[in-house]
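Residues per chain are reported as follows:
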Amino acid sequence: MLKKLLILLAGSFFCVFFSCKEEAVYSVKVRLDNLEGKDVYAVFAADDMKKIDTLSSLGVNEFTLTEMEENYHSLTLYFGSPAQWITVYLEPGRRITVTGDLLYPRLVKVKGGRINDLLTEFREKSSALLKEQTDLVHLVDSSQEEQNAGKYISRLTNIRHELGLLADAFIRKHPDDGASAVLIEDYFSDPETPLLTEEYLNLLNPELDDFHVVKELKGAVEKAKRTVTGAKAPEFTVTNLDGDSFRLDSFAGRYFILTFVSAAWSDDAQTDRALLGELMATYPTDKVEMMVVSLDEDPRLVHELIRKDTIAWNIVIDSGGEAIGLMDLYNVNILPRYYLMDREGMILLKTENGIELKRVLESVMNKD
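Keep in mind the model is a prediction, meaning the values are calculated, not measured. (Residues numbered from 1 in each chain as written. Predicted model: local features only at pLDDT ≥ 70, side-chain atom pairs only at ≥ 80, totals over all residues. Heavy atoms only, no water.)

Visitor: Just checking my understanding: could you explain the side chain of threonine 120 for this structure?
Guide: Mapped onto the elements of the fold, threonine 120 is located in helix α2 (residues 114-125). You can call threonine 120 buried: its relative accessible area is 1%. Residues contacting threonine 120, with those up to four places away along its chain left out, are Lys109, Val110 and Lys111. (Helix = DSSP H or I, 4+ residues; strand = E, 2+ residues; numbered from the N terminus. Buried < 20%, exposed > 50% of the residue type's maximum accessible area, 1.4 Å probe, protein only. Contact = heavy atoms within 4.5 Å.)

Here's what the structure looks like:
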């Protein structure tokens, strides 16, 4: 398999710098300032596969990528780090050009094909905001003073709002174009607010339902809606650190706290562990139950951590991939993440704030 992959990559690399006798299905010419010395990772994507090419430490500002195979819908170029990337939307036989300055990847012009042309038109109209946004992100990253960082973040929030207004106007003007779906993905796609994404998707022409961005967005919306407040919590079956098997209905008739953490023994987790321990000590297990899902992989380390605790922790770790599976099922994209379910398994609260969890749990328990 590795040999086959190397052969594929070598073939594509050859076509970058030399003319291939066979006519390429896709051709993308890239000319960018500040490109020299960068490693470029080119990811050709289809609905059911991805193909990765690597161009190491380029000594020039331009190159051409060609691809002989059909059915790819996009090409994403990563320049040395995940933070610098550009996506090109492919059409068979269409020659595409990518130009601009790599210091401002969001201002790069991609020409060739309606989606690329419309997105470039949007970027040109929004160029002042996009440039300021990039500059402010760099200032936040480099700022040593919290006051200055707060000022920059406040302005970034305003810029994001202004760009959202421009994107909204564009989407409503171009409901028949795939470029609108891309802007929905960029500005109105958030797993915490799936109904907003769905609202914008409903503005699009149904003929776009087969466009890969629309399909991905709709899939993400349906997945995110599983864990909004008021939804029935997704069912699961897991085995904890002690080898005991649990399902969601194992906690029926009680309030249930499902907590996701990065590592149970880390210094960062000590505050969360103390708060969760306080909750477990406060409420009897016939009223409130808890499960901690940790990305820890070594059961010995976790056992060593909790062996002197007076609290009987119910912990699921990732030694068998169960923690990752539960994180995916519950759409966890930030840690820690707390879910509070009622006696019927309905989601009462989803939060990253342990103090909020404590407050809401106290409130519902006081009402009982």
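Visitor: What exactly am I supposed to notice about the sheet that holds strand β11 (residues 255-261) here?
Guide: Two strands in a sheet stick together by hydrogen bonds in their backbones, pointing the same way (parallel) or opposite ways (antiparallel). With respect to topology, 5 strands assemble into an open sheet ordered β13-β12-β11-β14-β15, the strand pairing being mixed. Looking at the sheet topology across the chains shown, the edges are occupied by β13 (315-316) and β15 (347-351). Across 5 bridges, β11 lies against strand β14 (residues 337-341) in antiparallel orientation. The partner of threonine 259 across the bridge, within β14, is tyrosine 338. Here helix α11 (residues 354-367) sits on the sheet in contact with β11, β12 (288-294), β14 and β15, set at roughly 160° to β15. (Pairing = 2+ DSSP bridges. Axes fitted to C-alpha atoms, helices over the stretch in contact; angles between N-to-C directions.)

Visitor: Looking at this structure, how should I read the pairing of strand β3 (residues 50-55)?
Guide: Walk down a regular strand and you will see the side chains alternate between the two sheet faces. Side chains Lys51, Asp53 and Leu55 project from β3 onto a buried face, and the interleaved Lys50, Ile52 and Thr54 project onto a face without burial. As paired strands, strand β2 (residues 40-45) and β3 are joined by 6 bridges and run antiparallel to one another. Residue pairing across strands places tyrosine 41 opposite threonine 54, the latter belonging to β3.

Visitor: So what exactly am I meant to see when it comes to the pairing of strand β6 (residues 85-89) here?
Guide: Across the 5 residues of β6, 4 count as buried, placing the element largely inside the fold. In the sheet, strand β5 (residues 74-79) pairs with β6 via 5 bridges, with the strands oriented antiparallel. From the neighbouring strand, serine 74 faces β6, where its bridge partner is tyrosine 89.

Visitor: It is not clear to me how the confidence of the model for the protein chain should be interpreted in this structure. Could you clarify?
Guide: Close inspection of predicted coordinates is inappropriate in any region flagged by low pLDDT. Averaged over every residue, the pLDDT of the protein chain is 88; the share at 70 or more is 91%. Note that pLDDT drops below 50 for residues 1-21; the model gives that stretch 20 contacts with residues more than four away or on any other chain. (pLDDT = per-residue confidence, 0-100.)

Visitor: Just to check I follow, could you spell out the pattern of salt bridges for this structure?
Guide: Side chains bearing opposite charge may pair, as long as their charged atoms lie close to each other. If you walk through the whole model with that rule in mind, you get 23 salt bridges. Between lysine 225 and glutamate 222 there is a salt bridge, with the nearest N and O atoms lying 3.6 Å from each other. Note that lysine 225 and glutamate 222 are positioned in helix α7 (residues 212-225) at a spacing of 3 residues, about one turn of the helix. A salt bridge links glutamate 278 to lysine 358, with the nearest nitrogen and oxygen atoms 2.8 Å apart. Residue glutamate 278 is found in helix α8 (residues 270-282), and its partner lysine 358 is found in helix α11; the two are separated by 80 residues along the sequence. Here glutamate 278 falls in the partly exposed class, since its relative accessible area comes to 38%. Each of Glu192, Arg337, Lys350 and Glu352 takes part in a single network of salt bridges with overlapping partners. (Salt bridge = Lys/Arg side-chain N within 4 Å of Asp/Glu carboxyl O.)

Visitor: Help me out: how do you make sense of the packing of aromatic side chains in this one?
Guide: Centre-to-centre distance and the angle between the planes together describe a pair of aromatic rings. Evaluated as defined, the whole model comprises 11 aromatic pairs. An angle of 10° between the planes, with centres 5.6 Å apart, marks the rings of phenylalanine 246 and phenylalanine 251 as stacked. In terms of burial, phenylalanine 246 and phenylalanine 251 fall into one category: buried. Consider the rings of phenylalanine 260 and tyrosine 339, whose centres lie 6.3 Å apart with planes at 80°: the pair is edge-to-face. Placement of the pair is phenylalanine 260 in strand β11 and tyrosine 339 in strand β14, with a sequence separation of 79 residues. (Phe/Tyr/Trp six-rings, centres within 6.5 Å; stacked < 30°, edge-to-face > 60°.)

Visitor: In this structure, what is going on with the nonpolar core? I would like to understand it.
Guide: Grouped burial of nonpolar side chains is what soluble globular proteins tend to show. Of all hydrophobic cores here, the largest spans 31 residues; its most connected members are Leu183, Ile184, Tyr187, Leu204 and Phe211. Contributions of two or more residues to this core are made by α2, α3 (127-142), α4 (146-173), α5 (178-187), α6 (194-201) and α7. Broken down by element, this core gets its largest block of residues, 7 residues, from α4. In this structure isoleucine 184 touches Ile171, Ser189, Thr197, Tyr200, Leu201, Leu204 and Leu217, once residues within four positions along its chain are discounted. (Core = buried A, V, L, I, M, F, W, Y, C linked by side-chain atoms within 4.5 Å.)

Visitor: What is the right way to read the side chain of lysine 51 from this model?
Guide: With respect to the helices and strands, lysine 51 occurs in strand β3. Here the side chain of lysine 51 touches glutamate 67 through a polar contact of 3.1 Å, side chain to side chain. (Polar contact = N/O pair within 3.5 Å; in protein donor to acceptor, adjacent residues only side chain to side chain.)

Visitor: Help me out: how do you make sense of helix α10 (residues 322-329) in this one?
Guide: The α-helix advances 3.6 residues per turn, and as a result positions three or four apart in sequence lie on the same side. Listed in full, the buried residues belonging to α10 are Ala323, Leu326 and Met327. Down the axis of α10, the buried side of the element spans an arc of 100°, and every buried residue falls inside it. Buried residues along α10 sit against β9 (237-239), β11 and β12. Count one or two residues on from α10 and you reach asparagine 331, which has phi positive near 55°. (Arc of directions from axis to C-beta.)

Visitor: Help me understand the packing of α5 against α7 in this model?
Guide: Two quantities define a packed helix pair, namely the angle between the axes and the distance from one axis to the other. Packing of α5 against α7 brings their axes to within 9 Å, and their N-to-C directions diverge by 35°. Seen along the crossing, α5 lies across α7 with a hand that is left-handed. Of the residues in α7, those touching α5 at Ala181, Val182, Ile184 and Glu185 are Val213, Val214, Glu216 and Leu217. Across the contact of α5 with α7, the residue classes tally to 6 nonpolar, no polar and 2 charged. (Left-handed = near helix turned anticlockwise from the far one by under 90°. Nonpolar A, V, L, I, M, F, W, Y, C, P; charged D, E, K, R; others polar.)

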